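Observations on the model geometry
Each chain, letter by letter, is given below.
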Amino acid sequence: MTQPSTASPSIIDPFGRMVEYLRVSVTDRCDFRCVYCMAEDMTFLPKKELLTLEELERLCAVFVEKGVRKLRLTGGEPLVRRGVMGLIRNLGKMLDGGGLDELTLTTNGSQLARYSGELVDAGVRRINVSIDTLDEEKFARITRWGRLPQVMAGLESARKAGLAIKINAVALKGVNEHEIEDMMKWAHGQGFDFTLIETMPLGEIDEDRTDQYLPLSTVRSRLEEKYSLLDIPYKTGGPARYVKVSETGGRLGFITPMTHNFCESCNRVRLTCTGTLYMCLGQDDAADLRAPLRQSEANDLVSQAIDEAIARKPKGHDFIIGRDSTPSVSRHMSTTGG
Ligand code: SAM
Ligand code: SF4
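Residues numbered from 1 in each chain as written. Chains lettered and ligands numbered in written order. Predicted model: local features only at pLDDT ≥ 70, side-chain atom pairs only at ≥ 80, totals over all residues. Heavy atoms only, no water.

1. Description of the packing of helix α3 (residues 112–122) against helix α5 (residues 148–161)
Axis separation between α3 and α5 bottoms out at 8 Å; the angle between their running directions is 20°. Classified by the angle their axes make, α3 and α5 are roughly parallel. Considering only the axes of α3 and α5, their crossing is right-handed. Between α3, through Leu112, Ala113, Ser116, Gly117 and Val120, and α5, the contact on the second element is made entirely by Ala153, Gly154, Ser157, Ala158 and Ala161. Looking at the contact of α3 with α5 residue by residue, the class counts come to six nonpolar, four polar and no charged. (Axes fitted to C-alpha atoms, helices over the stretch in contact; angles between N-to-C directions. Helix = DSSP H or I, 4+ residues; strand = E, 2+ residues; numbered from the N terminus. Parallel < 35°, antiparallel > 145°, perpendicular 65-115°, else oblique. Left-handed = near helix turned anticlockwise from the far one by under 90°. Contact = heavy atoms within 4.5 Å. Nonpolar A, V, L, I, M, F, W, Y, C, P; charged D, E, K, R; others polar.)

Written out as structure tokens, the structure is:
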């Protein structure tokens, strides 16, 4: 007689990688217009295209049942979607024995003063906050619509609420290039992890990406002239590689899609707010989960669509930033979710 399996469910792709991590872009809208992410006059998706929050929750639940153990909500700006706290609270219920190990969020910090306490109550323990400069005037220039004091107030409330914080900064040539050391010292002084990201060629923006691109190999060599960077095996489930900075005692992460391809250990897929599943941030292939979700109240069809999509997960991406200024992938980071 066959015994029922007691092994945890798992999603395995054709290259043997276990897909345990789902990033969910809950909205493509944002209260900022960062120069490397969006054009100033962005056209957003019509509201009728969006999944309801209940549908997003149902899809997340199917992924968790199938073996996803970590959810990260992102966007656009996840905290500007109306009613998002209800979704976060419901997802948080899957944390205690419901199959989910971690529920996190990537945010620009603008709404944290309002939501930090509720996030903790819902079970969120760690958040990523994107800040590219500590200079107020430069911050306004990079984000176009953002204000640094509002984000700093948000960070303070997140800290008071007990959230662990990682600061993410996109390295931008000639913009924050010479501020990176100060930002690292500030973040580590506050007890925050600090991670640098290379700009990726996603979506049309108003500027030339070749002018923005700063390889992190250059940043690392410069830091190494003054600091001892010790490679450490620390992992958060994402693509960052970490070093410990002896002089500050803090952790510094590098996300290097351009200079060092990290696809071999990719454990994630991305779901957009319209129910499109992208198996790779850097490829156009996608699967529609909205139709099978709406076709039946049972989850069999959508579960099958997920299996078919995972079977097509590509080996990796192939980003190139060149003078012809055509993005490698036409959709913006705010669509797929960073
Ligand atoms: N609005 C939230 C935020 O800014 O944290 C979440 C979404 S945002 C798209 C997620 C991350 O992607 C941010 O850290 C942002 O700096 C980064 N990002 C956006 N466009 C990018 C690009 N073209 N290349 C690299 N990183 C990018
Ligand atoms: Fe908005 Fe985040 Fe994109 Fe900036 S990086 S425009 S905050 S989605």
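2. Examining the site of ligand 2
The local shell around ligand 2 consists of Cys30, Phe32, Arg33, Cys34, Cys37, Met38, Gly76 and Asn108. Split by residue class, the shell around ligand 2 holds five nonpolar, two polar and one charged. (Near = heavy atom within 4 Å.)

3. Focus: the side chain of Arg268
Along the chain, Arg268 turns up in strand β10 (residues 268–271). The class of Arg268 is buried, set by a relative accessible area of 4%. Within the structure, the side chain of Arg268 is placed 2.8 Å from the side chain of Asn267, a separation counted as a polar contact. (Buried < 20%, exposed > 50% of the residue type's maximum accessible area, 1.4 Å probe, protein only. Polar contact = N/O pair within 3.5 Å; in protein donor to acceptor, adjacent residues only side chain to side chain.)

4. Topic: the pairing of strand β2 (residues 70–74)
Where burial is concerned, most of β2 is hidden: five out of the five residues are buried. Across the two faces of β2 the burial is the same, with Lys70, Arg72 and Thr74 and Leu71 and Leu73 all buried. In this sheet, β2 lies alongside strand β1 (residues 21–25) in parallel orientation, the contact comprising five bridges. The partner of Arg23 across the bridge, within β2, is Arg72. Tracing the backbone out of β1, into helix α1 (residues 53–66) and back to the parallel element β2 gives a crossover that is right-handed. In this structure, β2 lies alongside strand β3 (residues 102–107), joined through four bridges in parallel fashion. Residue pairing for β3: Lys70 is matched across the bridge by Glu102. With respect to chirality, the unit in which β2 leads through helix α2 (residues 84–92) into the neighbouring parallel β3 is right-handed. (Pairing = 2+ DSSP bridges. Right-handed = clockwise from strand over helix to strand, strands pointing away.)

5. With respect to the site of ligand 1
What surrounds ligand 1 is a group of 18 residues, the closest being Tyr36, Gly76, Thr106, Ser130 and Met200. Here an oxygen atom of ligand 1 sits 2.9 Å away from a polar atom, N or O, in the side chain of Tyr36. In this structure, an oxygen atom belonging to ligand 1 sits 2.5 Å away from a side-chain N or O atom of Ser130. Coverage of ligand 1 by the protein chains reaches 96% of its 540 Å² of free accessible surface. Residues belonging to the shell around ligand 1 are distributed by class as follows: six nonpolar, nine polar and three charged. (Areas by Shrake-Rupley, 256 points an atom, 1.4 Å probe, with all protein chains shown as cover.)

6. Quick look at the nonpolar core
Counting residues in hydrophobic clusters, the biggest one holds 95 residues, and the most contacted among them are Leu22, Ile88, Ile131, Ile167, Phe194, Leu252 and Leu277. For this core, the leading source of residues is α1, giving seven residues. Setting aside residues up to four positions removed in sequence, Leu277 forms contacts with Leu22, Phe63, Val269, Arg270, Leu271, Asp285, Ala286, Ala287, Leu289 and Ala309. (Core = buried A, V, L, I, M, F, W, Y, C linked by side-chain atoms within 4.5 Å.)

7. A word on the pairing of β3
Among the six residues that make up β3, five are buried, leaving the element largely enclosed by the rest of the structure. Here three bridges tie β3 to strand β4 (residues 126–130), and the two strands are oriented parallel to one another. When the bridges of β4 are listed, Thr106 appears paired with Asn128. The handedness of the β3 to β4 crossover, carried by α3, is right-handed.

8. Examining the packing of aromatic side chains
Overall, the coordinates contain three aromatic pairs when judged by the stated rule. A centroid spacing of 6.0 Å and a plane angle of 90° characterise the contact between Phe32 and Phe139, whose relative ring orientation is edge-to-face. Placement of Phe32 in the loop between β1 and α1 and of Phe139 in helix α4 (residues 136–143) is noted, with a sequence separation of 107 residues between them. The pair Phe32 / Phe139 is uniform in exposure class, with both members buried. Measuring from centroid to centroid gives 5.9 Å for Trp186 and Phe192, while their planes differ by 80°, and the two rings are edge-to-face. Above the plane of the ring of Trp145 lies Arg33, whose end atom (NZ or CZ) is 3.9 Å from the centre. One residue, Lys70, lies across the ring of Tyr21, its end atom 4.6 Å from the ring centre. (Phe/Tyr/Trp six-rings, centres within 6.5 Å; stacked < 30°, edge-to-face > 60°. Lys NZ or Arg CZ within 6 Å of the ring centre and 35° of its normal.)

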